[in-house]
Amino acid sequence: MLSSLIRRGLYPLNEWREGTRILCGLRDLESTEYAPVDRLNDGRWRKLKAILDHAFTNVPFYRQRFRDAGLAPDDIRSFDDLRRIPPLAKTDLVRCHDALIATNIPKEALHHRASGGSTGRHTPFVRDNACLNIKNAAQFRFDGWTGWKIGEKVAYVWPAIQDFAAREGVKQRLRRTFVDRSLILLSGSLDEPTLEHHARSLGRYRPKLIRAFPNPLVILAKFIRASNRFGPKGSAPIRPAAVLTTGEPLLAPHRRLFEEVFGCPVFDCYASRECGQHACECEAHDGLHINADCLYLEFERDGQPVATGEPGQILVTDLDNYGMPFIRYAIEDVGIPLEGACSCGRTLPRMAMQAGRISDFVVSPYDGSYVSGASLCHYLLVAGPDVGQLQIVQDARDHLTIRIKKSDSQILESAHVQEVVARAFRGAMRVTLQEVDGIPHEKSGKYRFCINEMKDEELGLGT
Ligand SMILES: [Zn+2]
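These figures come from a predicted structure and were not determined experimentally.

What counts and how
- Residues numbered from 1 in each chain as written.
- Predicted model: local features only at pLDDT ≥ 70, side-chain atom pairs only at ≥ 80, totals over all residues.
- Heavy atoms only, no water.
- Pairing = 2+ DSSP bridges.
- Helix = DSSP H or I, 4+ residues; strand = E, 2+ residues; numbered from the N terminus.
- Axes fitted to C-alpha atoms, helices over the stretch in contact; angles between N-to-C directions.
- Contact = heavy atoms within 4.5 Å.
- 1 Å grid on protein atoms, 1.4 Å probe; cavity = no way out; pocket = protein on both sides within 12 Å on 5 of 7 lines; lining within 4 Å.
- Points joined across faces, edges and corners; volume = space filled by probe spheres on them.
- Nonpolar A, V, L, I, M, F, W, Y, C, P; charged D, E, K, R; others polar.
- Salt bridge = Lys/Arg side-chain N within 4 Å of Asp/Glu carboxyl O.
- Buried < 20%, exposed > 50% of the residue type's maximum accessible area, 1.4 Å probe, protein only.
- Donors = N, O, S within 2.8 Å, 3.2 Å for Na, K, Ca; no water.
- Tetrahedral: all angles 85-135°; square planar, octahedral: opposite > 155°, others 65-115°.
- Core = buried A, V, L, I, M, F, W, Y, C linked by side-chain atoms within 4.5 Å.

Draft legend 1. Representation of the sheet that holds strand β18 (residues 399-405) in the model. Reading across from one edge, β19-β18-β17-β20 is the order of the four strands in this open sheet, with mixed pairing throughout. Strands at the two margins of the open sheet, each flanked by one partner only, are β19 (430-436) and β20 (450-452). Geometrically, the sheet is characterised by an average inter-axis angle of 20° between neighbouring strands, direction not taken into account. For β18 and β19, the ladder comprises seven bridges, and the chain directions are parallel. Of the residues in β19, the one forming a bridge with I402 is L433. Where helix α12 (residues 414-424) meets the sheet, it contacts β18 and β19, and its direction lies at approximately 140° from that of β19.

Set out below in structure tokens:
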């Protein structure tokens, strides 16, 4: 009742007050989800041409880059032609930051953000305020696939304070309580009192959707399962309609844990700070549908498109951010393009994420292919992979160090490790086992199963 009131009245009223157009953007996105592929492609082609023209005319970095490549926007006549433009590297964002900002957009219509927690590199970037409408609409669309509707409660189990207002004033608090209806549970450090607090808060709040980084949610879910303290005495278990995970790779055993503890389906979503929502699972849970109206994704290895079903580095072209156009941005994530129609009937193309970032992968010295750290973990451990138990570090082209918590060392058998590594890398990789007191999480609050310490040049990312 209340959620329907918010959806029909309070939310549109607040949009009018704040001058946003999120609901309108959501309607546009939903209208193309099931449309014939040609209609979707016509729309995104128009958007692509428009942003290329804009970049050439108004962004000094791209004007130079197009000239260096001997290109004008009219030379790009198909999606394939886009490959004639060299990729945009993270180092370009740092070194050429000012030259990447559009000169025709007033300063007050731009806002500055930064990403880079998990890769350890601070990457500043800019967005124009207008594109926030479609970025927010894209998030609502994906959240909607889980069964959630605007006006229903969402709980965030989130390590990154920068995604929310650091100090909430009365206005923001009212807005969060009555319009966004969200509960924010920060998970940067999860000690026992914090876990207790979060479990009780979830029990009282009864969210329809839990949006979470998977690794902190693993710790919280295990705490809830072990303590059986769901909230105030006598209350029912925490039963959201769905869990949506984002920000870190979702491993199969963790998906099963969330399904068990929260008794609901789990949706894997791939998003980035720079470009927003990339892709999300639908109710068929058969790969992730790409947010193709808003982002054009390419999957490459050594500068060539990979075949469907093969992992490749993702290049993103953001069709909406005119403040700082991202054209063929090498976001340092790895994904797998998928083929064929989804049983849900949506025509948006699909991809798979074996694991997230390039640094979540081990590069094979045998043939340069990417081997997912998450799946290596899966094969190495006698029991299923767990947060903070094990970490694979590629510290040289042909060497791995596998860190294991002393108290958990019985879950690794040396002979088994040697055999798995020999099989995965065709005998070209050496391995050292290292017992450690504990495996800490990163500054950003993320836990890492795999860390690739090789330099960009060795990963094929150098500029
Ligand atoms: Zn689907």
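Draft legend 2. The layout of surface pockets, seen in detail. Roughly 510 Å³ of volume is contained in the second largest pocket. Breaking the lining of the second largest pocket down by element, the ones donating at least two residues are β9 (288-290) and β10 (295-301). Tallying contributions element by element places β10 first for the lining of the second largest pocket, with five residues. Its residues assigned to classes, the lining of the second largest pocket comprises 13 nonpolar, five polar and eight charged.

Draft legend 3. Representation of the pattern of salt bridges in the model. Inspection of the entire model under this criterion finds 21 salt bridges. In this structure, D437 engages K406 in a salt bridge whose closest nitrogen and oxygen atoms are separated by 3.0 Å. Pair noted here: D437 is in the loop between β19 and β20 and K406 is in the loop between β18 and α12, with a separation of 31 residues, a long-range link. A relative accessible area of 67% places D437 in the exposed class. Three or more residues joined by partner-sharing salt bridges are found here, namely E33, R141, E283, D293 and R346.

Draft legend 4. Layout of the coordination of the zinc ion. Every protein donor of the zinc ion is listed here as C282 (SG), H289 (NE2), C342 (SG) and C344 (SG), and their distances to the metal cover 2.1 to 2.2 Å. Metal-centred angles of 102 to 114° between the four donor atoms at the zinc ion mark the site as tetrahedral. Mapped onto the sequence, the donors of the zinc ion take the spacing C-x6-H-x52-C-x1-C. Each member of the pair, C342 as well as C344, is classed as buried.

Draft legend 5. Geometry of the nonpolar core. With 73 residues, the main nonpolar core has Y62, I314 and M351 as its most contacted residues. Looking at this core element by element, the count peaks at six residues for helix α6 (residues 131-145). Not counting the four nearest positions on each side in its chain, M351 is found in contact with Y270, A279, G287, L288, I290, L297, F299, I314, G335, I336, P337 and L338. If you look at the next biggest cluster of nonpolar residues, it comprises 26 residues, including A199, Y205, I238 and V266.

Draft legend 6. Focus on unusual backbone geometry. Of note, the phi angle at R206 is positive, near 50°, even though the residue is not glycine. Of note, R206 is situated in the loop between α8 (192-205) and β5 (209-212). By relative accessible area, R206 is classed as exposed at 55%. Positive phi outside glycine occurs at D302, with the angle close to 55°. Mapped onto the fold, D302 is located in the loop between β10 and β11 (304-305). When its relative accessible area of 72% is taken as the criterion, D302 is described as exposed.

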